[in-house]
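Survey of secondary and tertiary structure
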Amino acid sequence: MTAQRLTVVIAAHNEALALPLLHPRLRAVLDGLDDIEGRVLYIDDGSSDATWAVMQALAAADPDVGVLRLSRNFGKEAALTAGLDFVDDGAVIILDADGQDPPELIPEFVALWQQGYDNVYGTRLARDGESWLKRSAAAAFYRVIGRLSKTPIPADTGDFRLLSPRALQALGQLRERHRFMKGLFGWVGFRRKALPYHRHARMVGDSKFGLWKLWNFALEGITGFSTAPLRVTTYLGLFTASVAFVFAVWVVAKAAMYGDRVAGWPTMMAAILFLGGVQLIALGLIGEYLGRLYEESKQRPLYLVDTWQPPIVADSAVHPIGGEQRDDHGTTAVGRQVP
């Protein structure tokens, strides 16, 4: 009976200290899986430290490890996309490089996959090592986008998940430039199942996602999977216009009946500032959506590959679906070709 293949995809940026601690744990878990051919794919997302050297050392010592280096830092979402593009067979597990998501849970993900689920996602019951402000902001974001978006985006759920082969193939057809992966995972549908778990603190180092990055990440998610902000501005505009109309009628009637003895400078300035602020907010929201259309219209590649070293046990001729033929160390743009 042919073993099923499972590839663990790990995108890393400046994680030279964490990877040597994570890999032995991951290797032990994969070795313990029955009838599963386990592999690991590390993606270096333009790191400025020794991350790439560490990845090469891990690949040299373990024939089941492949490494992929991007030409520069394209961001976590693009790096994950690159890793998923280079998995040509079997299911994938997406795992963070910092060790917060325990690889020891992989057998439970696999068990649910073998029961027929296509998207098994880890839902966090607790988040160790994070500030109260960061936890609260994350909780608020997931609940807001859960209400605004028609795409199912589970609360308290990150990238730690298993995707079946057909879910992976479907995800590969989504080539938008502004990528909010948690939304894309939900958009493809299929059978989904939550796996609650306790998220640990980082093994070493500091988080690469500060509050400012998280804020921009939240904007990507909301604007990428909901037009509700535009609808809210429409309703807000109608409301303010109605209030302004009623106020104008009242001012004219008051002046007609009682005259206008006192210049209404404070009232006028308050109305101007309020209406001007509402207009600027509306223009800003329109600009966010327009900017995304501009980025999509340029049709640039999602990422560029500097170096690709497949697992030694794999056929070196394996290439991403729809990608160009290349040698193992070629530099090229990669992207799936959609019919």
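Everything numeric here is computed off the predicted structure, so don't read it as measured data. (Residues numbered from 1 in each chain as written. Predicted model: local features only at pLDDT ≥ 70, side-chain atom pairs only at ≥ 80, totals over all residues. Heavy atoms only, no water.)

**Overview of a nonpolar patch on the surface**
So the rule is basically this: For patch detection, residues must exceed 30% relative accessible area and be free of salt bridges, and they are connected within 9 Å for like charges or within 5 Å for nonpolar side chains (Val, Leu, Ile, Met, Phe, Trp, Tyr). Note on areas: Shrake-Rupley, 1.4 Å probe, and residue coverage restricted to the protein chains presented here. For salt bridges, the criterion is a side-chain nitrogen of Lys or Arg within 4 Å of an Asp or Glu carboxyl oxygen. Helix and strand definitions here come from DSSP, where helices need a minimum of 4 consecutive H or I residues and strands a minimum of 2 consecutive E residues; each element is numbered from the N-terminal end.
Taken together, the side chains of L236, F239 and V243 present a nonpolar region at the surface, about 270 Å² in accessible area. Mapped onto the fold, L236 is located in helix α9 (residues 228–258).

**A word on the packing of aromatic side chains**
When we look at a pair of aromatic rings, we describe it by the centre distance and by the angle of the planes. Defined as follows: When two rings of Phe, Tyr or Trp (its six-membered ring) have centres within 6.5 Å they constitute a pair, described as stacked for plane angles under 30 degrees, edge-to-face for angles over 60, and tilted for the intermediate range. Residue burial is assigned from relative accessible area. The probe radius is 1.4 Å, only protein chains are included, and a residue is buried under 20% of its type maximum, exposed over 50%, and partly exposed in between. Each ring is checked for a lysine NZ or an arginine CZ that lies within 6 Å of its centre and within 35 degrees of its normal; such an atom marks a charge sitting over the ring.
One pass over the full model with this rule turns up three aromatic pairs. With a centroid separation of 5.3 Å and an interplanar angle of 80°, the aromatic rings of F160 and Y197 are classed as edge-to-face. Here F160, found in strand β6 (residues 157–163), pairs with Y197, found in strand β7 (residues 192–199); they are 37 residues apart in sequence, far enough to count as distant. Accessibility classification places F160 together with Y197 in one group, the buried group. Every member of this aromatic cluster is reached through a ring pair, and the members are F109, F160 and Y197. A cation over an aromatic ring shows up here: R72 above the ring of F74, its NZ or CZ 3.9 Å from the ring centre. The lysine or arginine in question, R191, covers the ring of Y117, its NZ or CZ lying 4.4 Å from the ring centre.

**Observations concerning the pairing of strand β8 (residues 303–309)**
In plain terms, the rule: For two strands to pair, DSSP has to find at least two bridges joining them.
Most of β8 is tucked away: five of the seven residues are buried. Sheet analysis places strand β3 (residues 65–70) next to β8, joined by four bridges and oriented antiparallel. Within β8, the residue paired with L68 across the bridge is W308.

**A short note on the nonpolar core**
What counts is decided by this rule: Here, nonpolar core means buried Ala, Val, Leu, Ile, Met, Phe, Trp, Tyr and Cys residues that are tied together by side-chain atoms lying within 4.5 Å of each other. What makes two residues a contact is simply this: any of their non-hydrogen atoms within 4.5 Å.
Grouped together as the largest cluster of nonpolar side chains are 37 residues, with contacts concentrated most on L6, I10, L26, Y42, I106 and L162. Those residues within four positions of L26 in sequence are excluded, and the remaining contacts are V8, I10, V40, Y42, L95, P103 and I106. Listed in part, the 28 residues of the second largest apolar core include L68, A82, A167 and L184.

**Let's talk about the confidence of the model for the protein**
For clarity, the threshold we go by: pLDDT measures the predictor's confidence residue by residue and takes values from 0 up to 100.
Here the protein averages 75 in pLDDT, while 67% of its residues score no lower than 70. Contacts of residues 316–339 to residues separated by more than four positions or lying in other chains number 53 contacts, the stretch itself having pLDDT below 50.

**What to know about unusual backbone geometry**
Even without a glycine there, the phi angle at N14 is positive, about 55°. Along the chain, N14 falls in the loop between β1 (4–12) and α1 (19–31).

**Some thoughts on the environment of N14**
Worth spelling out the cut-off: For the purposes of these results, a polar contact is taken to be a pair of N or O atoms within 3.5 Å, where, inside protein, one atom must be able to donate a hydrogen and its partner to accept one; residues adjacent in sequence count only when each atom of the pair is a side-chain atom.
Looking at N14, the relative accessible area reads 22%, which means it is partly exposed. As for N14 and D45, which are separated by 31 residues in sequence, their C-alpha atoms are 8.3 Å apart. Within the structure, N14 has its side chain in polar contact with the backbone nitrogen of D49 (distance 3.3 Å).

**Looking at the pairing of β3**
We apply this condition: Handedness of a crossover is defined as follows: orient the strands so they point away from the viewer, and if the path from the first strand over the helix to the second runs clockwise, the crossover is right-handed.
Most of β3 is tucked away, with five of its six residues classed as buried. Sheet topology note: the strand β2 (residues 36–44)/β3 ladder contains five bridges and is parallel. When the bridges of β3 are listed, I43 appears paired with L68. Following the backbone out of β2, through helix α2 (residues 51–61) and into the adjacent parallel β3, one traces a crossover that is right-handed.

**Some details on the pattern of salt bridges**
All chains considered together, the criterion is met by twelve salt bridges. A salt bridge links E37 to R39; the nearest nitrogen and oxygen atoms lie 2.7 Å apart. E37 sits in the partly exposed class, given a relative accessible area of 29%. The salt bridge partner of D159 is K76, with a shortest N-O separation of 3.1 Å. Pair noted here: D159 is in strand β6 and K76 is in helix α3 (residues 76–85), with a separation of 83 residues, a long-range link.

**Observations regarding the packing of α1 against α2**
To keep it simple, the criterion reads: Helix axes are fitted only over the stretch in contact, all axes being lines through C-alpha atoms; the angle between N-to-C directions runs from 0 to 180 degrees. The cut-offs work like this: below 35 degrees is roughly parallel, past 145 is roughly antiparallel, 65 to 115 is roughly perpendicular, and the gaps in between are oblique. Whether a crossing is left-handed or right-handed is set by the direction in which the near helix is turned from the far one by less than a right angle, anticlockwise for left-handed and clockwise for right-handed. Ten residues, namely Ala, Val, Leu, Ile, Met, Phe, Trp, Tyr, Cys and Pro, are considered nonpolar, four, namely Asp, Glu, Lys and Arg, are considered charged, and the remaining ones, Gly among them, are considered polar.
In the contact formed by α1 and α2, the axes pass within 10 Å of each other and the chain directions differ by 30°. Put simply, α1 runs roughly parallel to α2. Judged by the twist between their axes, the crossing of α1 over α2 is right-handed. Where α1 approaches α2, its residues L19, P20 and H23 are matched on the opposing element by T51, V54, M55 and L58. Of the residues contributing to the contact of α1 with α2, the split by class is five nonpolar, two polar and no charged.

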